[in-house]
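Chain and residue survey
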Amino acid sequence: MIEKHLVLEDIDPVVFYGVGNGHLQMIRSLYPKLRIVARDNVIRVLGDEEQMASFEENVEKLRRHVLRFNALKEEDILDIIKGKRTKDEVPEGVICYSMSGRPIKARTENQQRLIDAYEKNDMVFAVGPAGTGKTYLSIALAVKALKEKTAKKIILSRPAVEAGEKLGFLPGDMKDKIDPYLQPLYDALEDMLPQVKLQDLMEKHVIQIAPLAFMRGRTLSDAVVILDEAQNTTPAQIRMFLTRMGWNTKMIITGDMTQIDLPHSQKSGLIEALHILNKVEGIGVVNLDRSDIVRHKLVTRIVNAYEEYDKEKER
């Protein structure tokens, strides 16, 4: 009789154990000679040495399956433990999987162009209206790079520019005041990584979320760096940000030219950067439009209505 403790690293143990520990009960039934007790992300196993080796190997296969797909089904457990499945292939075009097990991939031609541009270039500008998936796809690409260990860090930034409200009126310290501006980035990350794992990665600074002002003086290496809402940067700010790029780093800059919240006298840094850098080798530019909107159908109608209104004002 031997005893071992197996740790389920990098995954949500709730997904592994199943609703009401249903998956765990199935695993126990497939290993009748072992006594299996699970608590949090640690599995304590006591029993037959021969079955122990098989159990340890298959738990690791199941862990890798959950890490890749963020989901586990009873048929997956049976196939892996019975030896019917030797390799899990991610379907072509899938970047990664959400916490609900939904495949995250391009849903329009321009979204696919964004993914292709990321693969071919070290810096990509993704410009388009609200709801076209710019930020969400960019973060999915960053999460994929982190999981595949092609990047050591994810760094996400946004300019803290008011959209009608003032920072000073928000309660709390500076972090509390800044967090509302960064919430869309948190939302996307929470949809792709287990809550406990995300918190751990942020505490270890593997995932860093910070206002643009905190980028000055840094060199960002071995990372995927995303600047969101870049239309609200000044020319000096975006120039500072773009020159933070270090070795083995990819940058994605997203923006929506119809939602510039800068004072009317202030020129958008994104507009200037696109004009200056549009022919620089190694930089990709992808323009998304209202046909790429993947939110509620009303979002497309709202964007269309505002575009018509802006055209009438210009006449």
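As the structure is a prediction and not an experimental result, all values here were calculated from the model. (Residues numbered from 1 in each chain as written. Predicted model: local features only at pLDDT ≥ 70, side-chain atom pairs only at ≥ 80, totals over all residues. Heavy atoms only, no water.)

Comments concerning the pattern of salt bridges
Worth spelling out the cut-off: Between Lys or Arg on one side and Asp or Glu on the other, a salt bridge is scored when a side-chain nitrogen of the former is within 4 Å of a carboxyl oxygen of the latter. Strands here are runs of E lasting at least two residues and helices are runs of H or I lasting at least four, both read from the DSSP assignment and numbered beginning at the N terminus. Exposure classes here rest on a 1.4 Å probe applied to the protein chains alone. A residue is buried below 20% of its type maximum, exposed above 50%, and partly exposed in between.
Under the criterion given, the structure shown has 13 salt bridges. A salt bridge links Glu56 to Lys4, with the shortest nitrogen-to-oxygen separation between them at 2.7 Å. Taken together, the residues span a long stretch of sequence, with Glu56 in helix H3 (residues 49–69) and Lys4 in strand E1 (residues 2–7) at a distance of 52 residues. Owing to a relative accessible area of 30%, Glu56 belongs among the partly exposed residues under this scheme. The class of Lys4 is partly exposed, set by a relative accessible area of 32%. With a shortest N-O distance of 4.0 Å, Asp122 and Lys250 are connected by a salt bridge. Taken together, the residues Asp122 in the loop between helix H5 (109–120) and strand E6 (123–127) and Lys250 in strand E10 (residues 250–255) connect sequence positions 128 residues apart. Residue class for Asp122 comes out partly exposed when judged on its relative accessible area of 44%.

Comments concerning the side chain of Asp292
Cut-off, in case you're wondering: The sign given to each residue is positive for Lys and Arg and negative for Asp and Glu; His and the chain ends receive no count. N or O atoms closer than or at 3.5 Å make up a polar contact, with two conditions inside protein: a donor-capable atom paired with an acceptor-capable one, and, for residues adjacent in sequence, both atoms drawn from side chains. It only takes one pair of heavy atoms within 4.5 Å for two residues to be counted as in contact.
When you line up the elements, Asp292 lands in the loop between strand E11 (283–287) and helix H11 (297–314). No salt bridge forms around the buried Asp292; measuring N to O, its nearest opposite-charge neighbour Arg113 is 6.6 Å away. At 2.7 Å, the side chain of Asp292 forms a polar contact with the side chain of Thr108. Those residues within four positions of Asp292 in sequence are excluded, and the remaining contacts are Thr108, Asn110, Gln111, Gly131 and Thr132.

Remarks on a nonpolar patch on the surface
To keep it simple, the criterion reads: In this scheme, patches are assembled from residues that exceed 30% relative accessible area and form no salt bridge. Like charges are connected within 9 Å, while nonpolar side chains (Val, Leu, Ile, Met, Phe, Trp, Tyr) are connected within 5 Å. Per-residue and other accessible areas follow the Shrake-Rupley method at a 1.4 Å probe size, with only the shown protein chains counted as cover for residues.
On the surface, Leu298, Ile302, Tyr306 and Tyr309 cluster together to form a nonpolar patch covering roughly 440 Å² of accessible area. Take Tyr306: it is sitting in helix H11. Classification of Tyr306 by relative accessible area gives exposed; the value is 55%.

Some words on the confidence of the model for the protein chain
Our working rule: Confidence scores per residue from the predictor, reported as pLDDT, run from 0 to 100.
The share of residues in the protein chain with pLDDT of 70 or more is 92%, and the mean pLDDT across the chain is 86. Low pLDDT (under 50) marks residues 162–167, which in the prediction has 7 contacts with non-local residues, meaning those over four places away or in another chain.

Notes on the packing of aromatic side chains
We describe a pair of aromatic rings using the distance from one ring centre to the other and the angle between the two ring planes. Going by this rule: Classification of ring pairs uses Phe, Tyr and Trp, with its six-membered ring standing for Trp, and accepts pairs whose centres are within 6.5 Å; under 30 degrees between planes counts as stacked, over 60 as edge-to-face, and the remaining range as tilted.
On inspection of all chains with the given rule, the structure shows 3 aromatic pairs. The interplanar angle of 90° and the centroid separation of 5.3 Å between the aromatic rings of Tyr31 and Phe55 together place this pair among those described as edge-to-face. Of this pair, Tyr31 sits in the loop between helix H2 (22–30) and strand E2 (34–39) while Phe55 sits in helix H3, and the two are 24 residues apart along the sequence. Taken individually, Tyr31 and Phe55 each receive the classification buried, so the pair is uniform in this respect.

Structural notes on helix H6 (residues 134–147)
Our working definition: To estimate the expected span of a helix, count its residues, drop one, and scale the result by 1.5 Å.
Taking 1.5 Å of rise per residue, the 14 residues of H6 would be expected to cover 20 Å, and the 20 Å separating its terminal C-alpha atoms lies within 8% of that figure. Burial analysis of H6 places 11 of its 14 residues in the buried class, the great majority of the element. Every buried residue belonging to H6 is among Lys134, Thr135, Leu137, Ser138, Ile139, Ala140, Leu141, Ala142, Val143, Ala145 and Leu146, and all of these are buried. Lys149 occupies a position one or two residues after H6 and carries a positive phi of about 65°.

Let's talk about the sheet that holds E2
Formally: Being paired, for any two strands, means DSSP has found at least two bridges between them. Note on geometry: axes are C-alpha line fits, over the in-contact stretch for helices, and angles between N-to-C directions span 0 to 180 degrees.
The strand order across the open sheet formed by 3 strands is E1-E3-E2, and the pairing between neighbours is antiparallel. Two strands close off the open sheet at either side, each with one partner strand: E1 and E2. Strand-to-strand twist across the sheet, computed as the mean angle between neighbouring axes with direction ignored, equals 15°. Judged from the 6 bridges that link them, E1 and strand E3 (residues 42–47) form a sheet pairing that is antiparallel. Considered in E3, the bridge of Lys4 is made with Val45. On top of the sheet, H3 reaches E1, E2 and E3; it is set at about 5° to E1, its chief contact.

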